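What follows is the residue order along each chain.
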Amino acid sequence: SRAALPQEHGLDFQRLLDASAYKESYRQDMIRWGEEKRGADPGFFCRIVVEGAAQPVWVSGDGSGSGTGVPRGAAAHGRRAQVVSDTRRLSDVEWFRDVYGDAVQTVRVVATEETRKRRNWVFVTGVDDAESECGLDQGVAFDWVITNDGDELSLDGQLETLLQRVRRCL
């Protein structure tokens, strides 16, 4: 879905993916454009993501993540798991829940402001307080909240618990 704006406006898609000044110079335009698209059709970006998925994400039933290419568990029975990262608005979450129902599991990754600053994040008024950045801060009861403050053991444990849950659902 991020490729739609560059295609329409002749921008360098790859440069919009990094944390460069190039991206920042177009950030507010990207937000405004996205809001216009979403205002006309709340499912616009969600459908692009689903239609553009090259393949389902198979979760290995043995926990090895070996990527053998052979679907196991539910995947072998025709059920698939797809991971959609980086939804940013309540309308996105609502769209996926409307289309996929109880199969949707929402995951929020959080880090303290201190941790984010250590990772070179700097708050920018008009960007970091826009709906595209904080639209899910309220109004969503997340199924999972993962804390990513730099403790690798804690993060690994949280992710393993999440993966075990996903595997049981498949």
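What you see is a predicted model; the values in this text were computed from it and never measured. (Residues numbered from 1 in each chain as written. Predicted model: local features only at pLDDT ≥ 70, side-chain atom pairs only at ≥ 80, totals over all residues. Heavy atoms only, no water.)

A. Fine view of the confidence of the model for the protein chain. Confidence in the prediction of the protein chain, expressed as mean pLDDT, is 77, and 79% of residues score 70 or more. Every residue in residues 57–78 is under pLDDT 50, and counting partners more than four places away or in other chains gives 23 contacts. (pLDDT = per-residue confidence, 0-100. Contact = heavy atoms within 4.5 Å.)

B. Quick peek at helix H8 (residues 152–169). Here H8 spans 26 Å end to end across 18 residues, near enough to the 26 Å set by a 1.5 Å rise per residue. Looking at H8, one finds that the buried residues are Leu155, Gln158, Leu162 and Arg167. At the N-terminal end of H8, a side-chain oxygen is found 3.2 Å from the backbone nitrogen of Leu153, two or three residues along, and the residue is Asp151. (Helix = DSSP H or I, 4+ residues; strand = E, 2+ residues; numbered from the N terminus. Expected span 1.5 Å × (residues − 1). Buried < 20%, exposed > 50% of the residue type's maximum accessible area, 1.4 Å probe, protein only. Polar contact = N/O pair within 3.5 Å; in protein donor to acceptor, adjacent residues only side chain to side chain.)

C. Main features of the environment of Asp151. With respect to the helices, strands and loops of the structure, Asp151 is situated in the loop between strand E2 (144–147) and H8. Taking the relative accessible area as the measure of exposure, Asp151 reaches 48% and is therefore partly exposed. Among the polar contacts made by the side chain of Asp151, one reaches the main-chain amide nitrogen of Ser154 at a distance of 3.1 Å.

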